[in-house]
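As a plain string of letters, each chain reads:
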Amino acid sequence: MGSESGRVKRGEQSRISQWLRRRPKPSLEDPERAREALLLSAAAAGLPLAPAAHPAGYRCSCDRIGCPTPARHPLSFAWQTQSTTDPAQIERWARNQPQANFITATGMVHDVLDVPLEAGASALDRLLAAGVEVGPVAESGGTGDQARMLFFTATRGTPEDEDEWWPCELDCHPETMDEHPGLRWHCRGSYVLVPPAALPGDLAVTWIRGMEHPLPDPLTLLETLTDACATYAVATTETPSAAWPLSR
């Protein structure tokens, strides 16, 4: 059954690749086509997508008064089953909802290690200098801890036997994001915005390193990211004279 599943997955990826090659190249003067191309490239790499809310001035496009995550949440409560890599469906969504952001459901093909922007920038420099294979990386605008850097990695897996699932204290679900101000590990049951995405206040989610980079094992990045987050936490909570990196 495993080999049959592998053949199906490879066949789907081949079909998406062929579909993308038939698409006209987007023009830099055509932002909607460029947006579609970025979304389709994420889907072609295996990231399941679903429509999300978008900014309405400084507020969210949803009807919720005082939305706690404006322009950062899916449109549908059924986002986990709705998420897809089907290019035709993604194109329909993008054209019918030209202002919509998109989320990608984590824990199926990929996870996301989500850290404060300053800590992420430091870790990215260290990882690249050490020759570590870093995959796609996105920057999410904001102020303070709302400014984030997203490291896209391969998933830890979704075993059929629930007893094989190993929990992690860093696991982040949409409703618990405020409880993880440092490193958030988005895996099964969570999601992140996928670039390009617009945020209130003329902010955005953009690629720093695109989907042409293969998804790495999350454990190859974890130590460097946690060290960078620890240093960032000390620097932002104590006086400058006491802002030394935490020892392991």
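Higher on the page you've got the structure.
Remember, predicted model here, so these are calculated numbers, not experimental data. (Residues numbered from 1 in each chain as written. Predicted model: local features only at pLDDT ≥ 70, side-chain atom pairs only at ≥ 80, totals over all residues. Heavy atoms only, no water.)

**Student:** Which parts of the structure should I look at to understand the overall build of the protein?
**Tutor:** Assigned secondary structure in the protein consists of six helices and twelve strands. Counting every position in the protein, which comprises 248 residues, the buried fraction comes to 44%. If you take every contact in the protein between residues at least 6 apart in sequence, the share linking residues at least 24 apart comes to 72%. Counting every atom, the protein has about 13,600 Å² of accessible surface; 53% of that belongs to carbon and sulfur. (Helix = DSSP H or I, 4+ residues; strand = E, 2+ residues; numbered from the N terminus. Buried < 20%, exposed > 50% of the residue type's maximum accessible area, 1.4 Å probe, protein only. Contact = heavy atoms within 4.5 Å. Areas by Shrake-Rupley, 256 points an atom, 1.4 Å probe, with all protein chains shown as cover.)

**Student:** So what exactly am I meant to see when it comes to the packing of helix α2 (residues 31-44) against helix α4 (residues 87-96) here?
**Tutor:** A packed helix pair is summarised by two numbers, namely the angle formed by the two axes and the spacing between the axes. Where α2 contacts α4, the two axes come as close as 10 Å, and the packing angle between them is 150°. The chirality of how α2 crosses α4 is right-handed. Across the interface between the two elements, Arg33, Arg35, Glu36, Leu39, Leu40 and Ala43 from α2 touch Pro87, Ile90, Glu91, Ala94 and Arg95 from α4. (Axes fitted to C-alpha atoms, helices over the stretch in contact; angles between N-to-C directions. Left-handed = near helix turned anticlockwise from the far one by under 90°.)

**Student:** When you look at the sheet that holds strand β10 (residues 191-193) in this model, what are you seeing that I'm missing?
**Tutor:** Adjacent strands of a sheet form backbone hydrogen bonds with each other and so pair up, either parallel or antiparallel. Taken in spatial order, the three strands line up as β1-β4-β10 in an open sheet, and their pairing is antiparallel. Single-partner strands in this sheet number two, and they are β1 (49-52) and β10. The mean angle between the axes of side-by-side strands here comes to 35°, regardless of whether they run parallel or antiparallel. Direction of pairing for β1 relative to strand β4 (residues 101-105): antiparallel, over a ladder of four bridges. Bridge pairing in β4 places Leu49 opposite Thr104. Where α4 meets the sheet, it contacts β1 and β4, and its direction lies at approximately 10° from that of β1. (Pairing = 2+ DSSP bridges.)

**Student:** How should the packing of helix α5 (residues 117-129) against helix α6 (residues 219-237) be read in this particular structure?
**Tutor:** Where α5 meets α6, the axes come as close as 8 Å, and the angle between the chain directions of the two elements is 135°. Our classification of the angle between α5 and α6 gives oblique. Considering only the axes of α5 and α6, their crossing is right-handed. In contact with Glu118, Ala119, Ala123, Arg126 and Leu127 of α5, α6 contributes Thr220, Leu221, Thr224, Leu225, Asp227, Ala228, Cys229 and Tyr232. In the contact of α5 with α6, the residues fall into eight nonpolar, two polar and three charged. (Parallel < 35°, antiparallel > 145°, perpendicular 65-115°, else oblique. Nonpolar A, V, L, I, M, F, W, Y, C, P; charged D, E, K, R; others polar.)

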